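# Working through the structure, step by step
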Amino acid sequence: MKRFHARRTRQLTLAPSETLTTILDTLPDAVFLLDKNERITYVNAQARTFAGGTSATIAGKRFWQCVPQLVAPSLYQAVRNVEQAQTPIEIQYASSVTHSWFHVQVSPTAAGLVLRFREEKAHPQVSPELYAMIDTIPQLLWIGQPDGQISYCNQRWRDYTGLSMQQIQENEWLQYIHPDDQQRTLHRRQEALQAGLPYEIAIRLRHGATGEYRWFLSQAIPYKDARGKIIAYIGAYTDIDEQKRARQQLATSERNFRVLAETVPQLVWTTLPDGRLDYCNRRYCDCTQAPFEQLQGYGWRAFLHPDDRERIISRRQQTLDSGEPFESEHRLKDGQTGTYRWFLVRAIPIRDETDHVVKWFGTSTDIHDKKQAENELRALIEAIPQFVWTMYPNGACEYCNKTWCDYANMSLEQLQGDGWVNMLHPDEREHVLATWHTAYQTNMPYAIEHRIRNGKTGEYRWFLARSMPLRDSCGVIRRWIGTCTDIDVRKRAEQQLAASERNFRVLAETVPQLVWTMWPDGRLDYTNQRYRDVTQANLHLEGDDLWREFVHPDDIEHTLALRHQLLRTGEIYENEYRLKDARTGEYRWYLTRALPIRDEAGHVVKWFGTSTDIHDQKRIEEALRQSQERANALMNSTIIGIIISEGERIVDANDTFLRMTGYTREDLCNGDMYWRRMTPPEYQERTQQAHQELAARQYWTPYEKEYTCKDGSRLPVLIAGIRLQHHPQQIIAFVLDNSARQELEQRKDAFISMASHELKTPLTALKMQAQLVRRRLQRQEHTEAAALLSHVEGPIKQLERLINELLDVSKMQAGRLEYRREQVELEALLREVVETMQHITPTHTLVLHSSAPCVLLGDKDRLGQVFINLISNAIKYSPGVRTVEIDLSATHNTVSIRVQDHGLGIPQEQRDKIFDRFYRVTSANSTAIPGLGMGLYIVAEIIKYHGGTITVESEVGQGSTFQVTLPCSDTPLTSRKMKL
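All chains use their own residue numbering, which begins from 1 and follows the written sequence. The predicted nature of this model means local features are confined to residues of pLDDT at least 70 and side-chain atom pairs, given and counted, to a pLDDT of 80 or more, with totals for whole chains, interfaces and linings taken over all residues. Hydrogens and waters are ignored; side-chain quantities use all the structure's heavy atoms.

The protein carries the name histidine kinase in an unreviewed UniProt entry, which gives Ktedonospora formicarum as its organism. UniProt positions are given in the numbering used here, feature names are shortened, and annotations may be inferred rather than shown by experiment. For the protein, the Catalytic activity (unreviewed entry) comment in UniProt is given as "ATP + protein L-histidine = ADP + protein N-phospho-L-histidine."

In this section: the overall build of the protein. Across its full length, the protein holds 30 helices and 38 strands. Remark: exposure states derive from per-residue accessible area (1.4 Å probe, protein chains only) relative to the maximum for the residue type, with buried under 20%, exposed over 50%, and partly exposed in between. Counting across all 980 residues of the protein, residues that qualify as buried make up 41%. Contacts are assigned to residue pairs that have any heavy atoms within 4.5 Å of one another. Pairs at least 24 apart in sequence give 48% of the contacts found in the protein among residues at least 6 apart. Total accessible area on the protein is roughly 54,600 Å²; 52% of this is exposed by carbon and sulfur atoms. Numbering of helices and strands starts at the N terminus; helices are DSSP runs of H or I of at least 4 residues and strands are runs of E of at least 2. Surface exposure here means Shrake-Rupley accessible area, sampled with a 1.4 Å probe, where a residue is shielded only by the protein chains that are shown.

Right, let's talk about the side chain of Glu38 for a bit. Mapped onto the elements, Glu38 comes out in the loop between strand E2 (30–35) and strand E3 (40–43). Leaving out residues up to four positions away in the same chain, Glu38 has contacts with Lys61, Arg62, Phe63, Trp64, Val79, Arg80 and Glu83.

Only protein atoms enter the 1 Å grid, on which a cavity is a set of points fitting a 1.4 Å probe that cannot get out and a pocket is an open set with protein on both sides within 12 Å along at least 5 of 7 lines, lining residues being those with an atom within 4 Å of a point. Grid points are joined across faces, edges and corners, and a volume is the space filled by probe spheres set on the points. Scanning all chains against the criterion turns up seven cavities of 30 Å³ or more. Around the largest cavity, the lining is made up of 13 residues, and of these Trp269, Tyr284, Trp300, His330 and Val345 lie nearest the centre. For the lining of the largest cavity, the secondary structure elements donating two or more residues are strand E12 (267–271), helix H13 (306–322) and strand E14 (326–333). Here the lining of the largest cavity takes three residues from E14, the largest share from any one element. In this classification, the charged set is Asp, Glu, Lys and Arg, the nonpolar set is Ala, Val, Leu, Ile, Met, Phe, Trp, Tyr, Cys and Pro, and all remaining amino acids, among them Gly, are polar. The class makeup of the residues in the lining of the largest cavity is eight nonpolar, four polar and one charged. The computed volume of the second largest cavity comes to approximately 130 Å³. Lining the second largest cavity are 14 residues, with Trp389, Met391, Trp420, His450 and Cys484 sitting closest to its centre. Listing elements by their share of the lining of the second largest cavity, those giving two or more residues are strand E17 (387–391), strand E18 (397–400) and strand E19 (446–453). Looking at which element gives the most residues to the lining of the second largest cavity, the answer is E19, with four residues. Its residues placed into classes, the lining of the second largest cavity shows 13 nonpolar, one polar and no charged.

Moving on, we come to the state of the cysteines. The term disulfide refers to a covalent linkage connecting the sulfur atoms of a pair of cysteines. The definition used for a disulfide is geometric: two cysteine sulfur atoms within 2.5 Å. Within the structure shown, the criterion is met by zero disulfides. Cys854 takes part in no disulfide bond, and the closest cysteine sulfur to it belongs to Cys968, at a distance of 4.1 Å. With a relative accessible area of 8%, Cys854 lands in the buried category.

To continue, consider the environment of Asp25. By the secondary structure assignment, Asp25 is in helix H1 (residues 18–25). Sequence spacing of Asp25 and Val43 is 18 residues, and the spatial spacing of their C-alpha atoms is 8.7 Å. Other than its neighbours up to four places away in sequence, Asp25 contacts Tyr42, Asn44, Ala45 and Arg48.

Here, axes are lines fitted to C-alpha atoms. For helices the fit covers the stretch in contact, and angles between N-to-C directions go from 0 to 180 degrees. Running from N to C, helix H28 (residues 826–840) and helix H29 (residues 860–876) point in directions that differ by 45°, and their axes come no closer than 10 Å. Comparing the axis directions of H28 and H29 gives the class oblique. The crossing of H28 and H29 is right-handed. On H29, the residues touching Leu826, Leu829, Leu830, Glu832, Val833, Val834 and Met837 of H28 are Lys860, Leu863, Gly864, Phe867, Ile868, Ile871, Ser872 and Ile875. When the residues that make up the contact of H28 with H29 are grouped by side-chain class, the tally is eleven nonpolar, two polar and two charged. Oblique is the label for any angle not covered by the other classes, which are roughly parallel (under 35 degrees), roughly antiparallel (over 145) and roughly perpendicular (65 to 115). Each crossing is labelled by how the near helix is turned from the far one, with a counterclockwise turn of less than a right angle marking it left-handed and a clockwise turn marking it right-handed.

With that settled, consider the pairing of strand E28 (residues 649–653). In this analysis, strands are considered paired if DSSP registers two or more bridges between them. Sheet analysis places strand E27 (residues 640–646) next to E28, joined by four bridges and oriented antiparallel. Looking at E28, one finds that Ile643 is bridged to Ala653. In this antiparallel pair of consecutive strands, E27 and E28, the connection spans two residues, and Gly647 shows a positive phi of 70°.

One side-chain nitrogen of Lys or Arg within 4 Å of one carboxyl oxygen of Asp or Glu is enough to make a salt bridge. Under the criterion given, the structure shown has 56 salt bridges. Of the charged contacts, one joins Glu449 and Lys491 as a salt bridge, the two residues approaching to 2.5 Å between their closest N and O atoms. Placement of Glu449 in strand E19 and of Lys491 in helix H18 (residues 488–510) is noted, with a sequence separation of 42 residues between them. Relative accessible area serves as the criterion here: at 27%, Glu449 is assigned to the partly exposed category. Among the ionic pairs, Arg697 bridges to Glu693, the shortest N-O distance being 3.2 Å. Remark: Glu693 and Arg697 occur in helix H25 (residues 684–697); sequence separation between them is four residues, near one turn of the helix. Residues participating in the shared-partner salt-bridge network are Glu212, Arg214, Asp239, Asp241 and Arg245.

Our focus in this paragraph is the nonpolar core. In summary, soluble globular proteins display a tendency toward joint burial of nonpolar side chains. Of all hydrophobic cores here, the largest spans 43 residues; its most connected members are Phe867, Leu870, Ile871, Ile886 and Phe962. Every element with two or more residues in this core is listed here: H28, strand E33 (845–850), H29, strand E35 (883–890), strand E36 (894–900), helix H30 (935–945), strand E37 (949–955) and strand E38 (959–967). Here this core takes eight residues from H30, the largest share from any one element. Not counting residues up to four positions away in its chain, the partners in contact with Ile871 are Val833, Val834, Met837, Leu846, Ile886 and Val899. Put simply, buried Ala, Val, Leu, Ile, Met, Phe, Trp, Tyr and Cys residues joined by side-chain atoms within 4.5 Å make one nonpolar core.

Further remarks concern the confidence of the model for the protein. As a per-residue quantity, pLDDT reports the predictor's confidence and falls between 0 and 100. Taken over all residues, the pLDDT of the protein has a mean of 82, while the share at 70 or more is 84%. The model gives residues 122–126 a pLDDT under 50, and that stretch makes five contacts with residues more than four places away or in other chains. Low confidence marks residues 971–980, where pLDDT is under 50. Its contacts with residues over four positions away, or in another chain, come to 18 contacts.

So, about the sheet that holds strand E22 (residues 514–518). Read across the sheet, five strands follow the order E23-E22-E26-E25-E24 without closing on themselves; strand pairing throughout is antiparallel. Each having just a single partner strand, strand E23 (524–527) and strand E24 (573–581) make up the two edges of the open sheet. Pairwise comparison of adjacent strand axes, ignoring direction, gives a mean angle of 25° for this sheet. This element, H18, spans E22, E23 and strand E26 (604–613) of the sheet and lies at about 65° to E23. Helix H21 (residues 553–569) rests against E22, E24, strand E25 (586–598) and E26 of the sheet, and its axis sits at about 140° to E24.

This part is about the packing of H29 against H30. Where H29 meets H30, the closest approach of the two axes is 9 Å, and the angle between their N-to-C directions is 145°. For the pair H29 and H30, the sense of crossing is left-handed. In this structure, H29 uses Arg862, Gln865, Val866, Asn869, Leu870 and Asn873 to contact H30, whose residues at the interface are Gly935, Leu936, Ile938, Val939, Ile942 and Ile943. A per-class count over the contact of H29 with H30 returns seven nonpolar, four polar and one charged.

Quick look at a nonpolar patch on the surface now. Only residues above 30% relative accessible area that lack a salt bridge enter a patch, with like-charged residues linked at up to 9 Å and the nonpolar side chains Val, Leu, Ile, Met, Phe, Trp and Tyr linked at up to 5 Å. Taken together, the side chains of Ile348, Ile350 and Val358 present a nonpolar region at the surface, about 230 Å² in accessible area. Within the fold, Ile348 resides in strand E15 (residues 340–351).

Aromatic rings from Phe, Tyr and Trp, taking only the six-membered ring of Trp, are treated as a pair when their centres fall within 6.5 Å; an angle between ring planes under 30 degrees marks them as stacked, one over 60 as edge-to-face, and anything in between as tilted. Applying the stated rule across the entire model yields 21 aromatic pairs. With a centroid separation of 6.4 Å and 85° between ring planes, the pair formed by Phe102 and Phe117 is classed as edge-to-face. Taken together, the residues Phe102 in strand E5 (residues 101–108) and Phe117 in strand E6 (residues 112–119) connect sequence positions 15 residues apart. The pair formed by Phe102 and Phe117 is uniform in burial state, with each residue classed as buried. By way of ring pairs, the aromatic residues Phe32, Phe50, Phe63, Trp64, Tyr76, Phe102 and Phe117 are connected into one cluster. Counted as over-ring charges are cases with an Arg CZ or a Lys NZ within 6 Å of the ring centre that also lie within 35 degrees of the ring normal. Sitting over the face of the ring of Trp215, Lys244 holds its NZ or CZ atom 4.5 Å from the ring centroid.

Here helix H5 (residues 73–85) spans 18 Å end to end across 13 residues, near enough to the 18 Å set by a 1.5 Å rise per residue. Along H5, the positions that sit buried rather than exposed are Leu75, Ala78, Val79, Arg80, Asn81, Val82 and Glu83. One or two steps after H5, the chain reaches Gln86, where phi turns positive at roughly 55°. What a helix should span is 1.5 Å times the count of its residues minus one.

Let us look at the sheet that holds E35. Think of a sheet as strands paired side by side through backbone hydrogen bonds, with each pair either parallel or antiparallel. Overall, mixed pairing links the five strands, which are arranged E33-E35-E36-E38-E37 in an open sheet. Sheet topology places E33 and E37 at the edges, where each strand pairs with a single neighbour. Taken pair by pair, the neighbouring strands of this sheet meet at an average axis angle of 15°, ignoring direction. One ladder, built from six bridges, connects E33 with E35; its direction is parallel. When the sheet's bridge partners are listed, Thr845 is paired in E35 with Thr883. Strand contacts of H28: E33, E35 and E36, with the helix running at about 170° to E33, the strand carrying the most contacts. Where H29 meets the sheet, its contacts fall on E33, E35, E36, E37 and E38, and the angle it forms with E36 comes to roughly 25°.

Here it is as structure tokens:
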């Protein structure tokens, strides 16, 4: 077999002209024209010779039945290939009937095929290559002598029987014929050999390996030389086992079909591929009261209702051309009554192996009563507000109710077929058709939302289209019934809801809370990313198991109980519990709130919830609780009095303060307590300074004062205050009863004053006697004794200075320390002090830096006492460093003196206390340094009297710098007496 590469044969029509007919009749080749069903439409003179008939008797017959002598498997396969590929093919083969070789050209045309046969005068010589090719043919092939003795068989023959060539040549292959077929086969074969004719017979052959018998078509033809003498027989066994079984099944099926067709209540019929009736059951004949001979062919058309005839014939022809199943409703005439009844007619095609339609099988079901009920129902359908429609199984619109037509502003005829498609929104048309096509293919109901144009306004509105197949009693789909419900209002609401949902998702992903939604049965619907990051729980778990994964064991039972309660009652939910952060394993406190979302009927449709991290807040609350407990303990203290004031009025006080001052709770509630009224006149100024400090710094430094009690007595107190941040108008003050301490201080001051006076008189006498003895010894030139005696004067001076300081402190406390007012040249005073201290303390080097002379009004001796104390302290507290620096600098209004050492330094927490009475800096390196802690207290009081200030800068291990700032002479000195 080979394909043509030449120009295609010119297509021929089914009715050739006389000129073309004459030309074809003169050809030596046989020419057959076939339609698409392989029926003969034209034969030339040579072809009529082959067929043995005239053009009239041959036309319309199937080619394979008309000329069996030309039929061969290779020709059949060539015809199928041309039909599929629409490409010409050329083959050569030997006829199994005439034993002649033919050269055949098979070409496609618009109407079917052209077959051109040319008989060859001689067959091709058989070559070794041909034998090799024969071994690949799927048939069992053999070559025998004129008497039938096999001389050769191909490999497939030997493989099937399992016999060798020699065994086959010795006729052992006869044992592989089924016992029931042996006698018949040998008799048929012997008759053909004796007559020198071809033969063909179906037999069963046993498989040598499995023992299974399979049906084969045994064919053999005599091979003749040029003189017509038979020189060999060529035969083939073709496996037809499946065909044989199929025929048996088909025969059985045919019998069953006839029985079934005569028993079912429908009219049953079959037609040929062109629509001509070739069978109908008895019920069909009874209905029409016509014999089969009157109905066969196209006779059945005479019984169609005149109004349906044209439509049905046209519709039927469409299905015949397309090969698609046919369904229609039309009316048939009842031959007995002469009335017409409605029938549902269905037909499906029966196809062969090549997918060609070989027959149509159909039924006609009486639906007259149902049709009348449908007409009544249709009247009802016309009145409902939905669009109602029906479609044929192939998707063509059959019916639309009046509501549909009015909305579309189209007639029923315009909507029928696929006219309704034009009303769909262009953006959804393809999707709607695809959905319908899927439903059509799967025979499943469908629902889809899409927009339909209003034929009057042009506006598109949303509709919900639903459709389901309507089946008959056999389950076959008769039509599709559907509705379109206007959901435009709902759809727009859904779109708004979807937009709201998107906004909610964006918000939920940006807020710092864990956000979630839950179905009414407690299943989680949605969680934001933060929720999933924190819990990392298996969200596919249901019920309580999910919550047990991340809720703290101590909180889980209470949490689950509240959760079950909210699901049962639908109440607003709020709970605090600890969640496990899966990222760190830490449990953190969360405040969880949930609100129910309800429908119009008040039913919960969803829960919306958030979980806010309150762990830090919880810790603050715990700290606040503890602080509150401490505050309550303080408020309830029997030692410290506490008051809260607004303006001058005391609005609250603890029992201790009321007991200290003699007031009652009733006095407090009546608003009879004012701190200014309770403050004696001499303390008003200090109290006012404290409130000014409070305004600037939000607190005042503790100070001593007195309160006038309810009975008129005075109460010495130490008081500190602070402004409340959450109530800026309120001040809380802590009051400590200072009576015992003041009494002790007074006794101590009295003792110091008395002891100082009692010690100063003998000390003065001792000092004078020592000086007198030293001078006498010097005059008597007792130098060594005089030097020894001079060493006694040093401790005497130190003791004298100590006693003087004690007296100064006593006078300061009593407000009786006196100052002289004179002009003081500060630079000269500093040089005098430095020279004196350098002479007394040779262990350190004192360095004075002075930028300009300065004169101020003050007490020279007291100022000298200040500088002596500061330099003395610098020397004492820098034992390992030998230099102390003193700097003097002045501006237009002030003068500053800085005393800097590089010694031990002062810790930060002690700097604010070094100017208190009797306070001494304590550290590991300063415990052995002598002193009573009065020097800096005296220095601060003298500086304050002169209207100056003193500050300190210090770093442990690096030293300290004390800076004294005093006003110049144009700034008047204070004239007040110092008193605590």
